[in-house]
Amino acid sequence: MSFIDNVKAKAKENKKTIVLPESEDDRTYHAIVQVLKDQTADIILIGNKETVDSKAKELGTDIAGIKVVDPANFEKFDAYVDKLVELRQKKGMTPEKAKDILLNDYVTFAVMMIKMDDADGVVTGACHSSADAIRPALQILKTAPGTELVSAFFIMDVPNCEYGENGVFVFGDCALNQDPDSEQLAAIANSSANSFRQLVGVEPQVAMLSHSTMGSAKHALVDKVAEATRIAKEKYPDLKVDGELQADASIVPSIGESKAKGSDVAGHANVLIFPNLDAGNICYKLVQRLGKAEAYGPILQGIAKPINDLSRGCSASDIAGVVAITVVQAQNN
Ligand SMILES: CC(C)(COP(=O)(O)OP(=O)(O)OC[C@H]1O[C@@H](n2cnc3c(N)ncnc32)[C@H](O)[C@@H]1OP(=O)(O)O)[C@@H](O)C(=O)NCCC(=O)NCCS
Ligand SMILES: CC(=O)OP(=O)(O)O
């Protein structure tokens, strides 16, 4: 069974309610049809009921069975305004601003739905930049207890690939932290390992990626990753992690053996941690497009409740996949 079929089977066992705020995007409607067929989630779509119905009709998508919530006539609107003011008062939030945001910014409204326990998860980002999709979640939901940093990863499923877990990898961070320091990189490594275990069900082997393998190059960029590896080993003694490693040494057994002799991760890594967001974001897109890999994400980790982003280049089937992943995260939240 493929990675995503496995996740969909898990989601189906205990469906959760997922909010989709992007009713203006055609792909949302096609994704809903897929989710209803997969039976992986109950869906709440944010939007005006008439507009939604007419768009669904125009696209020929049968979305009967989902709930449409229009902030303009939502029965708990005033309670949401009060809560948003309470949460963000110190940052200058007023009742007027909160009303305006909750009426017009459906992403923030969706985030409030999970904050207020009216839904279990959110998937957004098909037509919002990642910054606009993620910022309200960071501001309102905050980090999960015991977590220092929210970060974002992709599940990459590479076809006909003998590396990683039969071609399945976690790539982190590909979407949120632009220039993490060594402490933050170590935290991203630990969260990504936990996400891999949760979603793939296999023990993670984490490679801290660099342009150097075990001191083969000298530069401050290399020192940052070597230090992150040291911190990760010290802070998370049960974590199977090694670095710094080049990408080939991390996943190809013969190259791992020759470049990083004695490493128990080199050549077998299934969780790849990139030194910064340039590397992570560029690399996932190249593997997706040149390697014809499935790329599910950006999935957020370390946040108090499940909310996940999408690339603006996503397909309807990517959205349906991320919905199923969000359900599995919600089952474990
Ligand atoms: C996500 C992002 C927008 C947040 O940065 P920002 O808009 O400048 O916002 P701030 O730094 O003011 O942070 C907003 C809030 O989130 C919190 N926050 C920011 N980054 C965080 C992180 N990694 N973990 C936990 N909390 C975080 C801040 O503490 C702040 O909380 P507060 O408002 O209660 O004080 C920014 O990190 C970003 O643009 N990342 C790259 C996104 C991107 O373009 N990715 C590429 C395509 S996927
Ligand atoms: C994850 C990502 O790169 O998002 P976008 O393609 O929307 O910028």
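Okay, so let's go over this structure. Quantities reported herein were computed from a predicted structural model and do not represent experimental measurements. All residue numbers refer to position in the chain's written sequence, counted from 1. To read the labels, note that chains go from A and ligands from 1, taken in the order they are written. Only residues with pLDDT of at least 70 get local features here, since the model is predicted, and only at 80 or more are side-chain atom pairs given and counted; chain-wide, interface and lining totals rely on the full set of residues. For side-chain calculations, the full set of non-hydrogen atoms in the structure is used, while hydrogens and water are omitted.

Quick notes on helix H13 (residues 316-331)
Here's step 1: For H13, which comprises 16 residues, the first-to-last C-alpha distance of 23 Å matches the rise-based estimate of 22 Å (1.5 Å per residue) to within 8%.
Here's step 2: Burial here depends on accessible area, computed with a 1.4 Å probe over protein chains only, as a share of the maximum for the residue type. Under 20% is buried, over 50% is exposed, and the range in between is partly exposed. Secondary structure elements are taken from DSSP: a helix is a run of H or I of four residues or more, a strand is a run of E of two residues or more, and numbering for both begins at the N terminus. Of all 16 residues making up H13, 14 are buried, and the element is well covered by its neighbours. Expected span of a helix, by definition, is 1.5 Å for each gap between consecutive residues, and there is one gap fewer than residues.

As for the layout of surface pockets
Here's step 1: Estimates place the volume of the largest pocket at around 460 Å³.
Here's step 2: In this structure, the largest pocket is lined by 23 residues; those nearest its centre are Thr147, Ser195, Gln301, Gly302 and Ile303.
Here's step 3: Listed by contribution, the elements that provide at least two residues to the lining of the largest pocket are helix H8 (182-200) and strand E10 (294-301).
Here's step 4: Three classes are used, and their members are as follows: Ala, Val, Leu, Ile, Met, Phe, Trp, Tyr, Cys and Pro are nonpolar, Asp, Glu, Lys and Arg are charged, and the others, Gly among them, are polar. Considered class by class, the residues forming the lining of the largest pocket number eight nonpolar, 13 polar and two charged.
Here's step 5: In this model, the second largest pocket occupies a volume close to 400 Å³.
Here's step 6: Buriedness of a pocket was judged along seven lines, with at least five required to meet protein on both sides within 12 Å; pockets are open sets of points on a 1 Å grid over the protein atoms alone, cavities are sets where a 1.4 Å probe fits but cannot get out, and lining residues have an atom within 4 Å of a point. Along its surface, the second largest pocket is lined by 20 residues, and Ser129, Ser130, Ala131, Ile134 and Ala175 are the ones closest to its centre. Grid points are joined across faces, edges and corners, and a volume is the space filled by probe spheres set on the points.

Some thoughts on the packing of aromatic side chains
Here's step 1: Stacked, tilted and edge-to-face are the three classes assigned to paired rings of Phe, Tyr and Trp, where Trp is represented by its six-membered ring and a pair needs centres within 6.5 Å; plane angles under 30 degrees give stacked, over 60 edge-to-face, the rest tilted. Counted by the stated rule, this structure contains seven aromatic pairs.
Here's step 2: Relative to Phe109, the ring of Tyr80 has its centre 5.3 Å away and its plane inclined at 40°; by these criteria the two rings are tilted. Of this pair, Tyr80 sits in helix H4 (residues 77-88) while Phe109 sits in helix H6 (residues 106-115), placing them 29 residues apart in sequence. Residue Tyr80 shares its accessibility class with Phe109, and that shared class is buried.

Things to note about the pairing of strand E2 (residues 41-46)
Here's step 1: Taking burial as the measure, the six residues of E2 include five buried ones, the bulk of the element.
Here's step 2: DSSP bridges decide pairing: two strands pair if at least two such bridges lie between them. Both strand E1 (residues 16-20) and E2 contribute to a ladder of five bridges, which runs parallel. Across the sheet, Lys16 pairs through a bridge with Ala41, a residue of E2.
Here's step 3: Look down the strands so they point away from you; if going from the first strand over the helix to the second traces a clockwise path, that crossover is right-handed. Crossover connection from E1 via helix H2 (residues 26-38) to parallel E2: handedness right-handed.
Here's step 4: Across three bridges, the pairing between E2 and strand E3 (residues 67-69) is parallel. Paired with Ile46 across the bridge in E3 is Val69.
Here's step 5: A crossover connection joins E2 to the parallel E3 through helix H3 (residues 49-59); in handedness this β-α-β unit is right-handed.

Overview of the site of ligand 2
Here's step 1: Every residue lining ligand 2 is accounted for by Ser130, Phe154, Asn281, Tyr284, Lys285, Pro298, Ser311 and Arg312.
Here's step 2: For the purposes of these results, a polar contact is taken to be a pair of N or O atoms within 3.5 Å, where, inside protein, one atom must be able to donate a hydrogen and its partner to accept one; residues adjacent in sequence count only when each atom of the pair is a side-chain atom. At a separation of 3.0 Å, an oxygen atom of ligand 2 approaches a polar side-chain atom of Asn281.
Here's step 3: Within the side chain of Lys285, an N or O atom sits 2.8 Å from an oxygen atom of ligand 2.
Here's step 4: For ligand 2, the protein covers 86% of the area, taking 260 Å² as the surface of the free molecule.
Here's step 5: Throughout, a molecule is located in a cavity or pocket provided that more than half of its atoms lie within 2 Å of its grid points. Cavity membership is defined here by more than half of the atoms lying within 2 Å of grid points; on that basis ligand 2 lies in the second largest pocket.
Here's step 6: Among the elements that make up the shell around ligand 2, the one with the highest residue count is helix H12 (residues 277-290) (three residues).
Here's step 7: For the shell around ligand 2, the residue count by class is three nonpolar, three polar and two charged. Any residue with a non-hydrogen atom lying within 4 Å of a molecule or strand is treated as near it. Per-residue and other accessible areas follow the Shrake-Rupley method at a 1.4 Å probe size, with only the shown protein chains counted as cover for residues.

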